Every structure is written in structure tokens, then in C-alpha cells.
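Fold and geometry: a report
Residue-level listing of the chains:
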Amino acid sequence: PDLIRIVDPNARPVAGILNGRAAFITSPDFENLSGRVTLQLTNSDLINNPIIGTLYQSLAFQFGKTRPEGNGTIKIRAEGTGLKITSFYYFNRGVEIRGSAEIEDIRLGAESPVRGLVMATTRPLKGIELPGIKELDRLMGTIQTGAAVVQLEGTLGNVRPKVVPLPEVSSAIRSLLWGQLRGEDE
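Residues numbered from 1 in each chain as written. Predicted model: local features only at pLDDT ≥ 70, side-chain atom pairs only at ≥ 80, totals over all residues. Heavy atoms only, no water.

Comments concerning the overall build of the protein
When you go through the protein residue by residue, the secondary structure sums to three helices and eight strands. The N-to-C order of helical and strand elements in the protein reads β-β-α-β-β-β-β-α-β-β-α. Intrachain contacts of the protein at a sequence separation of at least 6 include 57% that bridge at least 24 residues. Surface exposure of the protein reaches about 11,100 Å², of which carbon and sulfur atoms provide 56%. (Helix = DSSP H or I, 4+ residues; strand = E, 2+ residues; numbered from the N terminus. Contact = heavy atoms within 4.5 Å. Areas by Shrake-Rupley, 256 points an atom, 1.4 Å probe, with all protein chains shown as cover.)

Now the structure itself:
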């Protein structure tokens, strides 16, 4: 069975290969849960995910067939009954996505409150192996206008991505990117 169906039995299919490592210390009641999880996602296409799909739609991308060429990393830290997604990175279809989120109380399962912030930027030249393309991609990134941000609200079983204007969350985005750059999730 699909891993995604554990949380959402009605989820649409998502292509991808998931692997990773985890270390936990816990008690029978989860009150003292502590640990870290790092997962890698390869050969994926997350367009059917409601959060990723909302970002793609906000960028006004038109997509055809599923292309499972995406890859990414997610880092999760367990603290008591809560989980923090300290770093989410994903790239596919010329779009780079970064985010972080918090799941308040895993004991509530699908009813656990969720909040977070996810940002997408277009990177159409990333990964193209031609002379000068890497430098052009970096230059285009500095003058980037193709960006979308969603704020996550709701519960684990019903996450509601809400598109928000970039200026409204610019300080939160700076914190997210600075934390990921410094490796605060390590």
C-alpha cells in the first residue's frame, strides 16, 4: 500500500521512491519522544500532492503527463508529541520547493493541527549540463520573479494550503532559508 494512504486514504497517487534513516527514543505514552528522520525522495512527481499542486498552479505552470524525475529531502525532528519538519527540499519540472512545518500532536493522528510555510521558485535551467548554463541559472535566480508561497493550515488529515503574497511572509521566508542554509535541522 502507498505510504501516503496511512494519513489520507483518499489521496491521489504520487510517484516516487522513498528511503532514509531514523533514530528515536520514546516512552510508551509518546510524551518523551525524541528523534530525527531524514528521508530522500527520488524518481518522483508530486504534482498530485495538494500542497505541491497549489504551488504549481500559483506559478501558472501547465503540465502534461506525469514525469517522475523529481528528487528531494525531508528532515523531521520529533519533540514530545509533536513533529517538526525542519527542512523540506524538492526539485522537479524546473521548480524548486522549500518549506518547513509543524505537526502539533501525533497522538491525534489525522486530527493533529498542522502549520507551516512552503515556497516555490522557478529554476528552468537547473540541472542542464551545458557550458555557461550553471552561471546563467544563478544569475536568473538573483532576478527571480517566478515565486509562490503557501501557508499551511488545518489538520494532518486535511491540510489546507493558502496562497499568500510574498511580502506578507518575507521575514518568515528569510528565516526558513537561513535555517536550511545553516543546517539548523542537523
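A look at the pattern of salt bridges
Scanning the entire structure with this criterion turns up six salt bridges. Residues E79 and K84 are paired through a salt bridge, measuring 3.6 Å at the closest nitrogen-oxygen approach. By sharing partners, the salt bridges in this structure join R77, E79 and K84 into a single network. (Salt bridge = Lys/Arg side-chain N within 4 Å of Asp/Glu carboxyl O.)

Some points on the environment of L55
Looking at the element boundaries, L55 is found in helix α1 (residues 50–58). Separated by 63 residues in sequence, L55 and V118 have C-alpha atoms that sit 8.4 Å apart. If near-sequence neighbours (up to four positions away) are discounted, L55 is found in contact with I97, V118, A120, A148, V149 and V150.

Considerations on the nonpolar core
In this structure, L55, F88, Y90, I97 and V118 are the most contacted members of the largest nonpolar core, which totals 26 residues. Those elements that provide at least two residues to this core are β2 (34–45), α1, β3 (70–79), β4 (82–92), β5 (95–103), β6 (114–122) and β7 (147–155). (Core = buried A, V, L, I, M, F, W, Y, C linked by side-chain atoms within 4.5 Å. Buried < 20%, exposed > 50% of the residue type's maximum accessible area, 1.4 Å probe, protein only.)

What to know about the pairing of strand β8 (residues 158–164)
Direction of pairing for β7 relative to β8: antiparallel, over a ladder of seven bridges. Opposite V150, over in β8, you have V163 as the bridge partner. The antiparallel hairpin formed by β7 and β8 contains two residues in its connecting segment. (Pairing = 2+ DSSP bridges.)

Remarks on α1
Among the residues of α1, I51, I52, G53, T54, L55 and Y56 are the ones counted as buried. Those residues of α1 hidden inside the fold are in contact with β4, β5, β6, β7 and β8. Once α1 ends, the next one or two residues include A60, with phi positive near 60°.

Structural notes on the environment of I97
Positionally, I97 belongs in strand β5. Under the relative-accessibility criterion, I97 is labelled buried at 0%. Residues I97 and V118, spaced 21 residues apart in sequence, show a C-alpha to C-alpha distance of 7.0 Å. In contact with I97, not counting residues within four places along its chain, are I52, L55, F88, Y89, Y90, V118, M119 and A120.

Brief notes about the pairing of β4
The buried fraction of β4 amounts to ten of the eleven residues, a majority that puts the element mostly inside the structure. Relative to β4, β3 runs antiparallel, the two sharing nine bridges. Bridge assignment links A78 to a residue of β4, and that residue is L83. Hairpin geometry of β3 and β4 is characterised by an intervening segment of two residues between the two adjacent antiparallel strands and by a positive phi of about 65° at G80. Pairing of β4 with β5, which is carried by eight bridges, proceeds in the antiparallel orientation. Bridge pairing links N92 to V95 in β5. Taking the residues between adjacent antiparallel strands as the criterion, β4 and β5 are bridged by two residues, where R93 takes a positive phi near 60°.

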